[in-house]
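A structural walkthrough
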Amino acid sequence: MHWLRKIAYPVSLVYGLVVHIRNLLYDIGFFESRSFRTPTICIGNLSVGGTGKTPMIEYFIRELQHDYKLAVLSRGYKRKSKGFQLANETSSVEDLGDEPFQLFSKHNISLAVDADRCNGIKNLEEQLAPELILLDDAFQHRKIKPSFNVLLTAYSKLYVDDTFLPTGNLRDSKNQVERADVVVVTKCPRTIDEKKMDEVKTHLNCGKPVLFASLSYDGVLKSETGELGFSDVSGNRVALVTAIADPQPLVHHLESLNVDFKHFDFSDHHFFSEKELQSFRKYDYIITTEKDHTRLNGKVERLYYLGMKHEFLDGGSIKLLKALEHTLKHRH
């Protein structure tokens, strides 16, 4: 794999050049970035996957849904529908995509999917008149000028240490951090101290407020019918099934709990074949992520997921919400 990345380096140079030119054309106004009457919060990153965008969307839903008429707009990656789709009680994971379906099912929130974010916002404003819109994974969509930009970068894969696709995982230029209102370093070890935080801030050298968050996992496994303790699966044949960008934090967490399992690791947003489902059914219990549960539910028995959320460190949640409140207050 290492030699393949070396061979792909010239492609990365061309990709990077195209990205730089595209951003320049937006910066000089050749391409238009639109603002909308409804305030928008963009949660995104500079790389492809693995920074925890969906848990961050959930964080904002929990914090803001009681104070604002809230709506979420996502692309709906790998969904089987086209165009603008407003979620309703008949919507399926195929209609919305796994992450939007998870958000809608869990939080019962107004949610739509549309690859054309401008069209999506326009339709949301006309049909629902929300007071605030959360834009999922939209940082690189320069056609929209969000009211507040939250840029995520994973602790173990900081964007400053990455390179352009396909050699690395960057899909946008590092200097685009300038458009962020705040940078959140996600998936930090819970033991990170102030000295290490300062080292990371110095390494990023981004001139933006930098906050830190770690993943907090539920203490039980959940299913449609109930909950299960980790000790309950001990001594059984357990399969861990993941189709996410970075399953390692989950793998390490289960290992720390002394859960013995066989890991079936697939590419992000993978839709499972019948042959793959048959291999899972050989196990006594199947553990998966909340996102993957949306695509496995009803297809295999004894299926449980482990929920997680972002937990801000060093008062980061208060700092983030104050920065957002200040921006929204002075928006007009």
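This write-up is about the structure you can find in this document. (Residues numbered from 1 in each chain as written. Predicted model: local features only at pLDDT ≥ 70, side-chain atom pairs only at ≥ 80, totals over all residues. Heavy atoms only, no water.)

**Some thoughts on the environment of N205**
Worth spelling out the cut-off: A run of DSSP states H or I qualifies as a helix once it reaches four residues; a run of E qualifies as a strand once it reaches two. Both are numbered from the N-terminal end. Relative accessibility thresholds used throughout: buried, under 20% of the residue-type maximum; exposed, over 50%; partly exposed, between the two (1.4 Å probe, protein chains only).
Checked against the element boundaries, N205 lands in the loop between α7 (194-204) and β8 (210-217). A residue is classified by how much of its surface remains accessible, and N205, at 67% relative accessible area, is exposed. Sequence spacing of N205 and A180 is 25 residues, and the spatial spacing of their C-alpha atoms is 13 Å.

**Side note on the pairing of strand β7 (residues 182-186)**
What counts is decided by this rule: Two strands qualify as a pair provided that DSSP identifies no fewer than 2 bridges between them. With its strands directed away from the observer, a crossover is right-handed exactly when the path from the first strand over the helix to the second travels clockwise.
Most of β7 sits inside the fold, with five of its five residues counted as buried. Here strand β6 (residues 148-154) runs beside β7; their pairing, made up of five bridges, is parallel. Within β7, the residue paired with A154 across the bridge is T186. As defined by bridge partners, β7 adjoins β8 across three bridges and the pair is classed as parallel. Bridge pairing links V185 to F212 in β8. Crossover handedness for the path β7 to α7 to β8: right-handed.

**Digging into the side chain of S12**
Counted only if it meets this: Counted as a polar contact is a pair of N or O atoms within 3.5 Å, where, for protein atoms, one must be capable of donating a hydrogen and the other of accepting one, and residues adjacent in sequence contribute only when both atoms are in side chains. Here, residues are in contact when the closest pair of their heavy atoms is within 4.5 Å.
With respect to the secondary-structure elements, S12 resides in helix α2 (residues 9-27). Residue S12 is classed as buried on the basis of its relative accessible area of 5%. Of the polar contacts made by the side chain of S12, one reaches the side chain of T167; its length is 2.5 Å. With residues up to four places along the chain from it excluded, the contact list for S12 reads F164, L165, P166 and T167.

**Here's the deal with the packing of helix α3 (residues 53-64) against helix α5 (residues 98-107)**
For any two helices packed against each other, one specifies the inter-axial angle together with the distance between the axes. Which entries qualify depends on this criterion: Between the N-to-C directions of two axes lies an angle of 0 to 180 degrees, each axis being a line fitted to C-alpha atoms and, for a helix, fitted only over the stretch in contact. Each angle is binned into one of four classes, with values under 35 degrees roughly parallel, values over 145 roughly antiparallel, values of 65 to 115 roughly perpendicular, and all other values oblique. By definition, turning the near helix anticlockwise from the far helix through less than a right angle yields a left-handed crossing, and turning it clockwise yields a right-handed one. Residues are grouped as follows: Ala, Val, Leu, Ile, Met, Phe, Trp, Tyr, Cys and Pro are nonpolar; Asp, Glu, Lys and Arg are charged; every other residue, Gly included, is polar.
With their axes 11 Å apart at the nearest point, α3 and α5 run at an angle of 25 degrees to one another. By the angle class used here, α3 and α5 are roughly parallel. In this structure, the crossing between α3 and α5 has a hand that is right-handed. Of the residues in α5, those touching α3 at T54, I57, E58, I61 and R62 are E99, Q102, L103, K106 and H107. Residues belonging to the contact of α3 with α5 are distributed by class as follows: three nonpolar, three polar and four charged.

**Points about the nonpolar core**
Note the cut-off: Nonpolar cores are built from buried Ala, Val, Leu, Ile, Met, Phe, Trp, Tyr and Cys residues. Side-chain atoms within 4.5 Å join them into one set.
Grouped together as the largest cluster of nonpolar side chains are 34 residues, with contacts concentrated most on L135, V183, V185, L204 and F212. Beyond its immediate chain neighbours, meaning those up to four positions away, V183 contacts L151, T153, V177, L204, C206, K208, P209, V210 and L211. Membership of the second largest hydrophobic core comes to 32 residues, among which are L96, F104, V184 and L324.

**Side note on the pattern of salt bridges**
To keep it simple, the criterion reads: Salt bridges are defined as contacts in which a side-chain nitrogen from Lys or Arg sits within 4 Å of a carboxyl oxygen from Asp or Glu.
Tallied over the entire structure, the rule returns 18 salt bridges. K122 is the salt-bridge partner of E126, the closest N and O atoms lying 3.1 Å from each other. Of this pair, E126 and K122 both sit in helix α6 (residues 117-127), four residues apart, roughly one helical turn. Among the residues examined, E126 registers a relative accessible area of 54% and is labelled exposed.

**So, the sheet that holds strand β5 (residues 132-136)**
Taken together, nine strands build an open sheet; the order of strands is β3-β4-β2-β5-β1-β6-β7-β8-β15 and the sheet is mixed. Two strands close off the open sheet at either side, each with one partner strand: β3 (85-86) and β15 (308-312). Where strand β2 (residues 70-74) and β5 come together, four bridges link them in parallel fashion. When the sheet's bridge partners are listed, V72 is paired in β5 with L134. Of the strands in this sheet, β1 (40-45), β2, β3, β4 (110-113) and β5 touch α6, which is tilted by about 155 degrees from β2.

**A short note on the packing of α3 against helix α11 (residues 316-329)**
Across the interface, α3 lies against α11 with an axial gap of 12 Å and an inter-helix angle of 70 degrees. Between α3 and α11, the crossing angle belongs to the class labelled roughly perpendicular. Two secondary-structure elements touch here, α3 through Y59, F60, E63 and L64 and α11 through S317, L320, L321 and L324. A class-by-class count of the residues in the contact of α3 with α11 yields six nonpolar, one polar and one charged.

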